Amino acid sequence: MRTEASRHEYGTHPAQFGELYRPAGPATRRGTVVVLHGGFWRARYDLSLGRPLAHDLCSRGYTVWNLEYRRVGIGGGWPETYDDVAAGIDLLAHLDVDTTAVTAIGHSAGGQLAVWAAGRSGAGVEITAVVSQAGVLDLTTAATTGVGRTAVPDLLGGLPSDVPDRYAATDPIGRLPLRATVLCLHARADNEVPFAQSTAFVESATSTGGTAYLQQTSGDHYSLIDPASTDWAVVLDALPELLRS
């Protein structure tokens with residue numbers, strides 16, 4: 001039986017909400033996971049991408065917060081998208097869930113948001129570990145090489161040479177080291193986000209004293225968010241240790 005989620009708003013915009021999935025019984029609860037969907041921060045992609053993952057995680061005993069946020073085209077971009085992710089995560093402190101250890105799982109653009117959230121200052125709820133699924137973790141390179149076409153400049157309002165302060169505030173590779181452990185999962189066959197986005201981030205993170213790992217997966221960009229795939233099984237295997245980190 002699939003668990004029904006409860007909806008909770010953290011603002012007045014239609015996109016400022018999340019879906020909370022609670023496991024069936026206290027004895028099976030294993031920790032709290034935030035799911036951040038991808039879609040190059042664009043309005044036509046929404047949290048429905050995260051629902052299959054949320055259902056699967058909840059069935060395995062995790063409390064799951066599938067978070068929506070304003071995207072480019074519906075009031076998102078800089079700084080609104082980031083304000084939403086921060087406020088949405090912090091709402092967990094008021095939803096009667098365990099926030100002593102919270103892992104964020106983010107796919108593609110969601111991977112960038114998850115790693116950013118793990119490094120933000122003044123967090124009401126701290127992200128202690130991240131699973132980046134083919135995350136866009138080097139925004140400067142992504143912007144200048146056209147990853148997602150104009151997705152990154154559209155998000156931040158320009159190229160790195162136009163708005164350097166915005167890139168400095170949001171680019172995961174430029175905000176190291178992090179206290180959180182980061183597991184990067186990426187397939188070499190990914191034709192949406194280059195594998196080099198993850199290799200560059202992990203190399204920089206470890207060289208600056210952080211804890212980051214890269215595991216190559218066998219599928220493509222989208223197999224990472226297919227609960228029936230072996231790529232998703234890698235996430236499930238890693239989660240217990242990440243929640244203890």
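Just above, that's the structure.
Note that the structure is predicted; figures quoted are calculated from it, not measured.

Within a regular beta strand, the side chains point alternately toward one face of the sheet and then the other, so they alternate between its two faces. Most of strand E2 (residues 17-21) is tucked away, with five of its five residues classed as buried. The pairing of strand E1 (residues 6-9) with E2 spans four bridges and is antiparallel. Counterpart to Arg7 in the pairing with E2 is Glu19. Relative to strand E4 (residues 62-67), E2 is paired through four bridges, and the arrangement is antiparallel. Across the sheet, residue Leu20 finds its bridge partner in E4, namely Trp65.

At a closest axis distance of 12 Å, the pairing of helix H1 (residues 51-59) and helix H8 (residues 230-244) adopts a crossing angle of 40 degrees. By the angle between their axes, H1 is oblique relative to H8. Along this stretch, H1 crosses H8, giving a crossing that reads as right-handed. Here H1 contributes Leu53, Asp56 and Leu57 to the contact with H8, which in turn contributes Trp232, Leu236 and Leu239. Class assignment of the residues belonging to the contact of H1 with H8 gives a composition of five nonpolar, no polar and one charged.

This next bit is on helix H7 (residues 196-207). Owing to its 3.6 residues per turn, the α-helix brings residues three or four apart onto one side. The end-to-end C-alpha distance of H7, which contains twelve residues, comes to 16 Å, matching closely the 16 Å that a straight helix rising 1.5 Å per residue would cover. Three or more residues of H7 are buried, namely Gln197, Ser198, Phe201, Val202 and Ala205. Projection of H7 onto a plane perpendicular to its axis shows the buried side chains occupying an angular sector of 120 degrees, all on one side. In this structure, H7 carries Glu203 and Ser207 as exposed residues pointing more than 90 degrees from its buried face. On its buried face, H7 sits against helix H3 (109-118), helix H4 (139-145), strand E7 (181-187) and strand E8 (212-217).

This part covers the pairing of E8. Relative to E8, E7 is paired through six bridges, and the arrangement is parallel. The residue bridging Leu183 from the neighbouring strand is Tyr213, located in E8. The parallel pair E7 and E8 is bridged by H7, and the resulting crossover is right-handed.

A cis amide bond, omega -5 degrees, links Trp78 with the succeeding residue Pro79. Here Pro79 is to be found in the loop between E4 and helix H2 (80-90). In this chain, Leu176 is followed by Pro177 through a cis amide linkage whose omega measures 0 degrees. Unlike most non-glycine residues, Ala134 shows phi in positive territory, near 55 degrees. Along the chain, Ala134 falls in the loop between strand E6 (129-133) and H4. Residue Ala134 is classed as buried on the basis of its relative accessible area of 0%.

Calculation criteria
Residues numbered from 1 in each chain as written. Predicted model: local features only at pLDDT ≥ 70, side-chain atom pairs only at ≥ 80, totals over all residues. Heavy atoms only, no water. Buried < 20%, exposed > 50% of the residue type's maximum accessible area, 1.4 Å probe, protein only. Helix = DSSP H or I, 4+ residues; strand = E, 2+ residues; numbered from the N terminus. Pairing = 2+ DSSP bridges. Axes fitted to C-alpha atoms, helices over the stretch in contact; angles between N-to-C directions. Parallel < 35°, antiparallel > 145°, perpendicular 65-115°, else oblique. Left-handed = near helix turned anticlockwise from the far one by under 90°. Contact = heavy atoms within 4.5 Å. Nonpolar A, V, L, I, M, F, W, Y, C, P; charged D, E, K, R; others polar. Expected span 1.5 Å × (residues − 1). Arc of directions from axis to C-beta. Right-handed = clockwise from strand over helix to strand, strands pointing away.

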